[in-house]
Amino acid sequence: VSRPSSPASATGTSPSLSAALNDVRFSGKRLMVADKPFFMRGIRHTGMPLHVLNDAMFNTLFVDETVSEMVIKDASQKGFKLVPSLEPRREELPTRMNRFLGSESVLAWLIGGNLDADRFDQARLFANEIRQGDPSRVLIADVWDNFLAYDRSFDNTLIGTHRWPLSTSLELDNYRKWLSHRRNLTRNSFAWTWIQTHSQEWFM
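Treat the numbers as computed from the prediction; the structure is a model and nothing was measured.

Give a description of the overall build of the chain that names residues and reports values.
The helix and strand inventory of the chain stands at eight helices and ten strands. Counting every position in the chain, which comprises 204 residues, the buried fraction comes to 39%. Looking at the chain alone, contacts between residues at least 24 apart form 59% of all its contacts between residues at least 6 apart.

Here is the structure:
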């Protein structure tokens, strides 16, 4: 995992170089970070020591917006990219985003999980607010239905979906077909999904 540069205010990095280091975009069928291909191997941050996640070859942390400054700094120093999950409200949005932007480790912003048709308008407005505050990075959306609308209205966005198939009647080969079918509902080549590693509460 490559180590990101320190913030420009601490190192004297020029604004143009800092912008290049922070640039996240799509090029063809690749996600590019600072003009280099990047394959996201992400995990939710739940308190596991970061050196353990580093040794396990994860390179991206999905974090809640209330995560501590210590975790943000430690993750940046260890070379992780961050995907902060922001609550869909406009209040103090620049302040909430700036907590993460100072580390120069933000890969994308997670705008919601299990998004459906009822939440489409709210998610679109919130995505526009985030892009106004940070046009240099992509968005990530976890969508349950209304795929075509999300795909057509959310450019430069990683659109994913998921289910928890373990301990259910849904066999894994059929789950793969389910994921492929939903990917084909969009024009987006940059699909993603969560991989279930936990038992569901009803099973426990």
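Following the structure, the description resumes.
Mind laying out the sheet that holds strand E2 (residues 30-33), listing which residues take part and the relevant values?
With respect to topology, three strands assemble into an open sheet ordered E1-E2-E3, the strand pairing being antiparallel. Every interior strand has two partners, whereas the edge strands, strand E1 (24-27) and strand E3 (36-37), have only one. Where E1 meets E2, four bridges bridge the pair, whose relative direction is antiparallel. Along E2, the bridge assignment pairs Phe26 with Leu31.

Give me the nonpolar core: which residues, what numbers.
Core analysis: the largest hydrophobic core is formed by 30 residues, its most contacted members being Leu61, Phe100, Trp109, Ile111, Ile130 and Tyr150. Counting only elements with at least two residues in this core, the list comes to helix H3 (50-55), strand E5 (60-64), helix H4 (69-77), helix H5 (93-101), helix H6 (120-133), strand E8 (138-142) and helix H7 (147-153). Looking at this core, the element that brings in the most residues is H6, giving five residues. Non-local contacts of Tyr150, meaning those with residues more than four positions away in its chain, are made with Leu115, Asp116, Arg119, Phe120, Ala123, Val143, Asp145 and Ile159.

I'd love a proper account of the pattern of salt bridges, names of residues and values included.
Counted under the stated rule, the structure contains ten salt bridges. Between Arg90 and Glu129 there is a salt bridge whose closest N-O contact spans 3.2 Å. Here Arg90 is found in the loop between strand E6 (81-85) and H5, whereas its partner Glu129 is found in helix H6, with 39 residues between them in sequence. On the basis of relative accessibility, which here comes to 59%, the residue Arg90 falls in the exposed class. Take Glu129: its relative accessible area is 23%, and that puts it in the partly exposed class.

Got a sec to walk through H4? Specific residues and values, please.
Here H4 has its buried residues at Val71, Ile72, Ala75 and Ser76. Buried residues of H4, viewed axially, fall in a sector of 130°; they line one side. Residues of H4 that are exposed and point more than 90 degrees away from the buried face comprise Met70 and Lys73. Residues of H4 that are buried make contact with H3, E5, E6 and H5. In the segment just after H4, Gly79 is the residue with positive phi, at about 90°.

Any details on H6? Residues and values, ideally.
Side chains three or four residues apart in an α-helix point the same way, a direct result of the helix having 3.6 residues per turn. Its 14 residues place the ends of H6 20 Å apart at the C-alpha level, agreeing with the 20 Å of an ideal helix rising 1.5 Å per residue. Residues of H6 that are buried sit in contact with H5, strand E7 (108-110), E8 and H7.

Explain the confidence of the model for the chain residue by residue, including any values.
With 88% of its residues at a pLDDT of 70 or more, the chain has an overall mean of 81. The low-confidence segment residues 1-19, where pLDDT is below 50, has 27 contacts with residues more than four positions distant or belonging to other chains.

Account for the environment of Leu61, with residues named and values stated.
By the secondary structure assignment, Leu61 is in strand E5. In the structure, Leu61 is positioned 17 residues away from Arg44 in sequence and 5.8 Å away in space, judged by C-alpha atoms. Ignoring sequence-local partners within four residues, the contact set of Leu61 consists of Ile43, Leu50, Leu53, Ala75, Phe80, Lys81, Leu82 and Val83.

Tell me what's going on with the packing of aromatic side chains, and back it up with residues and numbers.
As enumerated under the stated definition, the model contains seven aromatic pairs in all. Note on Phe100 and Trp109: the rings are 6.3 Å apart at their centroids and 85° apart in plane angle, and the pair reads as edge-to-face. Overall, Phe100 belongs to the buried group, its relative accessible area being 0%. For Trp109, a relative accessible area of 0% puts it in the buried group. Relative to Trp194, the ring of Trp192 has its centre 5.5 Å away and its plane inclined at 80°; by these criteria the two rings are edge-to-face. Considered together, Trp192 and Trp194 belong to a single accessibility category, that of buried residues. Feature note: the residues Phe62, Trp192 and Trp194 constitute an aromatic cluster, connected by ring pairs.

So, how was this worked out
- Residues numbered from 1 in each chain as written.
- Predicted model: local features only at pLDDT ≥ 70, side-chain atom pairs only at ≥ 80, totals over all residues.
- Heavy atoms only, no water.
- Helix = DSSP H or I, 4+ residues; strand = E, 2+ residues; numbered from the N terminus.
- Buried < 20%, exposed > 50% of the residue type's maximum accessible area, 1.4 Å probe, protein only.
- Contact = heavy atoms within 4.5 Å.
- Pairing = 2+ DSSP bridges.
- Core = buried A, V, L, I, M, F, W, Y, C linked by side-chain atoms within 4.5 Å.
- Salt bridge = Lys/Arg side-chain N within 4 Å of Asp/Glu carboxyl O.
- Arc of directions from axis to C-beta.
- Expected span 1.5 Å × (residues − 1).
- pLDDT = per-residue confidence, 0-100.
- Phe/Tyr/Trp six-rings, centres within 6.5 Å; stacked < 30°, edge-to-face > 60°.

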